[in-house]
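# Fold and contact review
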Amino acid sequence: MKVSVIGTGYVGLVTGACLADAGNNVFCCDIDAAKIATLNAGGLPIFEPGLEAVVARNRAAGRLIFSTDLAACVAHGELQFVAVGTPPGEDGSADLSHVVAAARSIGRHMTDYRVIVNKSTVPVGTADEVGIAVKEELDKRGKKLPFSVVSNPEFLKEGAAIDDFMRPDRIVIGSDDERATALLRDLYAPFQRNHERVMVMTVRSAELTKYAANAMLATRISFMNDLANLAERIGADIEEVRRGIGSDPRIGYHFLYAGAGFGGSCFPKDVKALQRTAEDAGHPLRLLAAVDSVNEAQKGVLAGKVMKRFGANLGGRRFAVWGLAFKANTDDMREASSTVLISALLGAGAEVRAYDPVARHEAEKIYAGERRVALVDTAVAALEDCDALCVVTEWQEFRSPDFEAVKSRLKTAAIFDGRNLYDPAALERLGIEYFPIGRTPAKGFAKKVTASQ
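The tally for this structure, following the rule as stated, stands at 34 salt bridges. Glu78 is the partner of Arg179 in a salt bridge, and the nearest nitrogen-oxygen pair spans 3.4 Å. Here Glu78 lies in the loop between α4 (70-76) and β4 (79-82) and Arg179 lies in helix α8 (residues 178-188), a separation of 101 residues in the sequence. Of the residues examined, Glu78 reaches a relative accessible area of 28% and is grouped as partly exposed. Where Asp270 meets Lys269, a salt bridge forms, and the shortest distance between an N and an O atom there is 3.0 Å. A relative accessible area of 1% means that Asp270 is categorised as buried.

Of the two faces of strand β13 (residues 414-417), the one lined by Ala414 and Phe416 and the one lined by Ile415 and Asp417 are each fully buried. Where strand β12 (residues 388-391) and β13 come together, three bridges link them in parallel fashion. Paired with Val391 across the two strands is Asp417, which belongs to β13. Taken together, β12, helix α17 (residues 403-409) and β13 form a β-α-β motif whose crossover is right-handed. Two elements, β13 and strand β14 (residues 433-435), share three bridges in a ladder whose sense is parallel. Across the sheet, residue Phe416 finds its bridge partner in β14, namely Phe435.

Relative to the assigned elements, Ser105 resides in helix α5 (residues 97-109). Since its relative accessible area comes to 6%, Ser105 is described here as buried. Once you skip the residues sitting within four places of it in the chain, Ser105 turns out to touch Leu70 and Val74.

To continue, consider the environment of Ser293. Here Ser293 lies in helix α12 (residues 286-298). Sequence separation between Ser293 and Ser222 is 71 residues; the distance between their C-alpha atoms is 8.9 Å.

Another point: α5. Along its 13 residues, α5 runs 18 Å from first to last C-alpha, staying within 8% of the 18 Å computed at 1.5 Å per residue. For α5, the full list of buried residues reads Val99, Ala102, Ala103, Ser105, Ile106 and Gly107. The inward-facing, buried residues of α5 abut β1 (2-6), α4, β4, β5 (114-118) and α6 (126-141).

So, on to helix α11 (residues 267-280). Relative to the 20 Å expected for 14 residues at 1.5 Å per residue, α11 spans 20 Å between its end C-alpha atoms, a close match to the ideal helical length. Taken together, the buried positions of α11 are occupied by Phe267, Pro268, Lys269, Asp270, Val271, Ala273, Leu274, Gln275 and Ala278. Contact partners of the buried residues in α11: α9 (203-234) and α12. Downstream of α11 by one or two residues, Gly282 has phi in the positive range, about 80 degrees.

Within the largest apolar cluster, 40 residues are counted, with the highest numbers of intra-cluster contacts made by Phe81 and Leu184. With eight residues, the top contributor of residues to this core is helix α1 (residues 10-21). Discounting chain neighbours no more than four positions away, the residues touching Leu184 are Leu79, Phe81, Val117, Val150 and Ile173. With 38 residues, the next largest nonpolar core counts Leu256, Phe310, Tyr367 and Ile437 among its residues.

Conventions adopted
Residues numbered from 1 in each chain as written. Predicted model: local features only at pLDDT ≥ 70, side-chain atom pairs only at ≥ 80, totals over all residues. Heavy atoms only, no water. Salt bridge = Lys/Arg side-chain N within 4 Å of Asp/Glu carboxyl O. Helix = DSSP H or I, 4+ residues; strand = E, 2+ residues; numbered from the N terminus. Buried < 20%, exposed > 50% of the residue type's maximum accessible area, 1.4 Å probe, protein only. Pairing = 2+ DSSP bridges. Right-handed = clockwise from strand over helix to strand, strands pointing away. Contact = heavy atoms within 4.5 Å. Expected span 1.5 Å × (residues − 1). Core = buried A, V, L, I, M, F, W, Y, C linked by side-chain atoms within 4.5 Å.

See the structure below:
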């Protein structure tokens, strides 16, 4: 099939590359000329494991084209995927200006039936706005051409997007038009050969499904983080609690890890956007307000632990930071907990030496001109002349370091672990002070228990 994708960001690029890999002829378009030039030169504007190889082989096969020519893009495919950014506005609502602009471009250039597929994460009712924009452009041209607007939300995890697209848990299609539905079923047939994964529903239900999914996952994370902070106060271990509740099949183990808070381009933005949608509908989602509040507070927990150990004035001290991306296997630093930690350390007068396997180029943009932040090439180099280590991202190379080497390089043998990667007992035996999330029994609690016995 001939498919057009407007937007070559994370979602658009993965979608276009994977659809081309299934044999489709895909035309990817973006108004960012620099990004298109990078793609045509064989580079990628984002880091995603496996994506470079998929893009390269499909470009070589002639199935994947990158261009800034919107007219050619609209002319290319009967299916027009819109995968542009929807950044949060000041009030938390999603900014739909790029989505509407893409819709107007389609209406301005289409000459035959087109299916506009909203792949961007958008509020309920966006399909209606897209339809109005397309019709307005057609009316300006004096044309009456058939078109459909459908919702086909993505459920891709950064760091595992290729596998998620190729082996999806579900393929949600929000459509009220049988012709459009049939086209999308044909398009996705190669991705569901062993069993049916397509779920057809109303457009508004599909739009809400995407927000609801991310909000549910964010809720689980904030619940565990709040519980972890309680565990520290009453002498419990959140990892033991996690195993205890995760073994219940009604709950499961996914997204039950306590840590330094969630970030990235999806959860924070989508939680706020869904709250805004609910407020506009006259039904505020009080639970999501708490999820958001807990997460914002959780991002400051690691810095709080550092200051409790070393004091509020960190002048003259230097801290190593392992991990800058909001999660492993991505270079995305949007809403990352590392930025909150580093800001707090700098604000208290400290210096930082930071390392991340792939996010350094993003960090260089954020900390350009900040002399107190040194970005280094290895995890070991980050430790040099530092008072303690802060672990923020759960990269594989951080999971089993040479603790003796870590200890020998730090002025104070102390690790502040925002992802609970290590065994507290093992670090205690090594003489390393360990400050995880929700795993340190409160000394006062321990004393009370001993006294009561």
